[in-house]
Amino acid sequence: MLYRYIAVISEAEGVFYAKVPDIVGCITTANNLQEAIMLITDALNLALTVLEDENITPNQPTLQSEIQHNPCDILTVIQADTMKYRKLLSLPLKGTKHC
């Protein structure tokens, strides 16, 4: 499935912290902004894949204007494609039998 969520990225003392507030536990840290975006995208894909496998409906994305954040935070749209992610990692598609 294709999803779009807002990630909040903050920086403190040279470390970038990224999270997707709508998905519990979807957080990461990085050394720079580009790496933070890459890692939070991977974390979001993984979290959503697990939710799909557990038949748990993820929270609906919050509008960007409603996301709480600090004035210096960066908000960015992160797109996740769990079907593509499964193929990348060679994971079975949801609903297929496992060996």
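Described below are features of the structure shown in this document.

### Considerations on the environment of Asp 22
Part 1: Mapped onto the elements, Asp 22 comes out in the loop between strand S2 (15-19) and strand S3 (27-30).
Part 2: Between the C-alpha atoms of Asp 22 and Thr 62, which are 40 residues apart in sequence, the distance is 6.9 Å.
Part 3: There is a polar contact of 2.5 Å between the side chain of Asp 22 and the side chain of Thr 62.

### Quick look at unusual backbone geometry
Part 1: Not every positive phi belongs to a glycine, and Glu 13 is a case in point at roughly 50 degrees.
Part 2: As for its placement among the helices and strands, Glu 13 is situated in the loop between strand S1 (2-12) and S2.
Part 3: Using a relative accessible area of 83% as the deciding quantity, one classes Glu 13 as exposed.
Part 4: One non-glycine residue with positive phi stands out, namely Asn 55, at about 55 degrees.
Part 5: Mapping Asn 55 onto the fold places it in the loop between helix H1 (33-53) and strand S4 (74-81).

### Topic: the side chain of Asn 45
Part 1: Along the polypeptide, Asn 45 turns up in helix H1.
Part 2: Accessibility expressed as a relative area gives 7% for Asn 45, which makes it buried.
Part 3: Here the side chain of Asn 45 touches Asp 81 through a polar contact of 3.1 Å, landing on its backbone nitrogen.

### A look at the pattern of salt bridges
Part 1: Counted by the stated rule, this structure contains two salt bridges.
Part 2: Between Arg 86 and Glu 52 there is a salt bridge, with the nearest N and O atoms lying 3.3 Å from each other. Of the two residues, Arg 86 sits in helix H2 (residues 82-89) while Glu 52 sits in helix H1, which places them 34 residues apart along the sequence. Of the two residues, Arg 86 and Glu 52, neither departs from the other in class, the shared state being buried.

### Quick notes on the sheet that holds S1
Part 1: Read across the sheet, four strands follow the order S3-S2-S1-S4 without closing on themselves; strand pairing throughout is antiparallel. Two strands bound the open sheet, and with one partner strand each, they are S3 and S4. Within this sheet the neighbouring strands show an average axis-to-axis angle of 30 degrees, counted without direction.
Part 2: For S2 and S3, the ladder comprises four bridges, and the chain directions are antiparallel. If you follow Tyr 17 over to S3, its bridge partner there is Thr 29.
Part 3: Contacts from H1 reach S1, S2, S3 and S4, with the element oriented near 45 degrees to S4.
Part 4: With respect to the sheet, H2 is in contact with S1 and S4, its orientation differing from that of S4 by roughly 70 degrees.

### Side note on the environment of Cys 72
Part 1: Tracing the chain through its elements places Cys 72 in the loop between H1 and S4.
Part 2: Take Cys 72: its relative accessible area is 77%, and that puts it in the exposed class.
Part 3: Note: C-alpha distance between Cys 72 and Leu 33 (39 residues apart in sequence) is 13 Å.

Quick notes on the rules
Residues numbered from 1 in each chain as written. Predicted model: local features only at pLDDT ≥ 70, side-chain atom pairs only at ≥ 80, totals over all residues. Heavy atoms only, no water. Helix = DSSP H or I, 4+ residues; strand = E, 2+ residues; numbered from the N terminus. Polar contact = N/O pair within 3.5 Å; in protein donor to acceptor, adjacent residues only side chain to side chain. Buried < 20%, exposed > 50% of the residue type's maximum accessible area, 1.4 Å probe, protein only. Salt bridge = Lys/Arg side-chain N within 4 Å of Asp/Glu carboxyl O. Pairing = 2+ DSSP bridges. Axes fitted to C-alpha atoms, helices over the stretch in contact; angles between N-to-C directions. Contact = heavy atoms within 4.5 Å.

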